[in-house]
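Observations on the three-dimensional arrangement
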Amino acid sequence: MPGCFKKTLFALASLVSFVSFILIVVAMGTPKWMTGKILCKTGADLVNATDPELVKFIGEIYYGLFRGGKIRQCGLGGRRSKFTIFPHMVKKLNTGLHVMIIMFLCVAISFSLVSFGFCILNAIKVPYRAIKGPAGACLWNFLAGGFIALAVTSFMAAVKLHHLTERIANFRENVFHFVILEEQFEDCFWLCVASATAHAVNLLLIAISGINFPKIKTKTEEANVTAEDIMY
């Protein structure tokens, strides 16, 4: 049986793994990875709008991995619309990269659950195989955190290098062209960052659990020293 200190650390690590799993699921299901402001350039050019008038042509956009929405402002008031990434819009995006982001997160979910199970196992007993012990728990946490980091990095690349927001804003826009004035990562994106950080914390907890702290003898134990103990 593991000691009380190790039990506590692995119980805490299992809780962190489960929280990480919840964070990824929530992040994937919520359409607020990115928000931004979009300018209807076609409408602004048609009326030769000056700076004060540009407000009438500035709309908003938000999206996640599967769906989103936008407010089109083309001079005649705002028009709200919602969209889904699959199955049609994804063809206009970098399809391979977008699918990879989702796959990375799905794999990370699996590894988070495996990490949760391994931490529970180590909190209950000392496994007789090394792969099921702290080394195995470290491996699954490292893999889970690594795949989340890959997903986050890939999404940032899609936004910054492949102009993901602009592509989504102009999907099926045959008359008007939109340009991105500003964009920012939202809560769901940072939930994934927090999930990766949680697995890094788990690695630290597991490393601490392997430290053998010296036992402090109490006065009672010191008083029970016999003559034979002194001879040796």
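Above this text sits the structure in question.
Residues numbered from 1 in each chain as written. Predicted model: local features only at pLDDT ≥ 70, side-chain atom pairs only at ≥ 80, totals over all residues. Heavy atoms only, no water.

1. Here we look at the overall build of the protein
To keep it simple, the criterion reads: Secondary structure is summarised from DSSP: a helix means a run of H or I of at least four residues, a strand means a run of E of at least two, and numbering begins at the N terminus for each. What makes two residues a contact is simply this: any of their non-hydrogen atoms within 4.5 Å. The method behind every accessible area is Shrake-Rupley, applied with a 1.4 Å probe, and residues are considered shielded solely by the protein chains displayed.
A count of helices and strands for the protein gives eight helices and five strands. In the protein, the order of α-helices and β-strands from amino to carboxyl end is α-β-α-β-β-β-α-α-α-β-α-α-α. A separation threshold of at least 6 residues defines the contact pool for the protein, and within that pool the share at least 24 residues apart is 70%. A total of about 13,600 Å² of accessible surface is found on the protein, and carbon and sulfur atoms cover 65% of it.

2. Considering helix α1 (residues 4–29)
Put simply, the test is: Each helix should span, by expectation, one fewer than its residue count multiplied by 1.5 Å. Buried means the residue's accessible area, taken with a 1.4 Å probe over protein chains only, is under 20% of the maximum for its type, while exposed means over 50%, and partly exposed covers the values in between.
With 26 residues, α1 should cover 38 Å at 1.5 Å per step; its first-to-last C-alpha distance of 38 Å lies within 8% of that length. Looking only at α1, the buried set comprises Leu-9, Phe-10, Ala-13, Ser-14, Val-16, Ser-17, Ser-20, Phe-21, Leu-23, Ile-24, Ala-27 and Met-28.

3. Quick notes on the state of the cysteines
The condition is simple: A pair of sulfur atoms, both from cysteines and within 2.5 Å, is called a disulfide here.
Summed over all chains, the structure comprises zero disulfides. Its sulfur unpaired, Cys-192 is 7.9 Å from the next cysteine sulfur, which belongs to Cys-188. Accessibility expressed as a relative area gives 0% for Cys-192, which makes it buried.

4. A short note on the side chain of Asn-122
The following threshold applies: For this analysis, a polar contact is any N or O atom pair within 3.5 Å, provided that within protein one partner can donate a hydrogen and the other can accept it, and provided that sequence-adjacent residues contribute only side-chain to side-chain pairs.
With respect to the secondary-structure elements, Asn-122 resides in helix α3 (residues 95–124). For Asn-122, the side chain forms a polar contact with the main-chain oxygen of Phe-118, separated by 2.7 Å.

5. Some details on the packing of aromatic side chains
Inclusion rule: Note on ring pairs: Phe, Tyr and Trp rings are taken, using the six-membered ring of Trp, and paired if centres are within 6.5 Å. Classes follow the plane angle, with under 30 degrees stacked, over 60 edge-to-face and the rest tilted. Counting as a charge over the ring demands two things of the Lys NZ or Arg CZ atom: a distance within 6 Å of the ring centre and an angle within 35 degrees of the ring normal.
Under the counting rule described, the total for this entry stands at 13 aromatic pairs. Note on Phe-185 and Phe-189: the rings are 4.3 Å apart at their centroids and 25° apart in plane angle, and the pair reads as stacked. For Phe-189, a relative accessible area of 2% translates into the label buried. Grouping aromatic residues by their ring pairs yields a cluster made of Trp-33, Phe-155, Phe-185, Phe-189 and Trp-190. Its guanidinium or amino end placed over the ring of Tyr-62, Lys-32 lies 5.3 Å from that ring's centre, counting from NZ or CZ.

6. Some details on the nonpolar core
Counted only if it meets this: By nonpolar core is meant a set of buried Ala, Val, Leu, Ile, Met, Phe, Trp, Tyr and Cys residues that side-chain atoms within 4.5 Å join together.
Membership of the largest hydrophobic core comes to 43 residues, with the highest contact counts inside it found for Trp-33, Tyr-63, Leu-65, Leu-105, Phe-155, Leu-164 and Ile-168. Residue assignment for this core shows that the elements contributing at least two residues are α1, β1 (34–40), β2 (58–63), α3, α4 (134–160), α5 (164–169), β5 (178–185) and α6 (187–209). Top contributing element to this core by residue count: α3, with seven residues. Discounting chain neighbours no more than four positions away, the residues touching Trp-33 are Ala-27, Tyr-63, Gly-64, Leu-65, Leu-105, Phe-155, Gln-184, Phe-185, Glu-186, Cys-188, Phe-189 and Cys-192. Membership of the second largest hydrophobic core comes to nine residues, among which are Phe-10, Ala-13, Phe-118 and Ala-123.

7. Considerations on the pairing of strand β3 (residues 67–73)
Here is the rule we go by: Only strands joined by at least two bridges in the DSSP assignment are considered to pair.
Most of β3 sits out of view: five of its seven residues are buried. In the sheet, β2 pairs with β3 via four bridges, with the strands oriented antiparallel. Its bridge partner being in β3, Tyr-62 is matched across the sheet by Gly-69. Where β2 folds back onto β3 in an antiparallel hairpin, the turn is made up of three residues. Two elements, β3 and strand β4 (residues 78–84), share seven bridges in a ladder whose sense is antiparallel. Pairing of Ile-71 across the sheet is with Arg-80, part of β4.

8. Points about the environment of Val-175
Counting through the fold element by element, Val-175 comes out in the loop between α5 and β5. Judged by its relative accessible area of 62%, Val-175 falls in the exposed class. Placed 133 residues apart in sequence, Val-175 and Thr-42 show a C-alpha to C-alpha distance of 7.9 Å.

9. So, the sheet that holds β1
Consider a sheet: its strands pair through backbone hydrogen bonds, and that pairing is either parallel or antiparallel. So the rule is basically this: Lines fitted to C-alpha atoms define the axes, with helix axes restricted to the stretch in contact, and inter-axis angles between N-to-C directions lie between 0 and 180 degrees.
Spatial ordering of the open sheet is given by β4-β3-β2-β1-β5, a layout of five strands whose pairing is antiparallel. Looking at the sheet topology across the chains shown, the edges are occupied by β4 and β5. Taken pair by pair, the neighbouring strands of this sheet meet at an average axis angle of 20°, ignoring direction.

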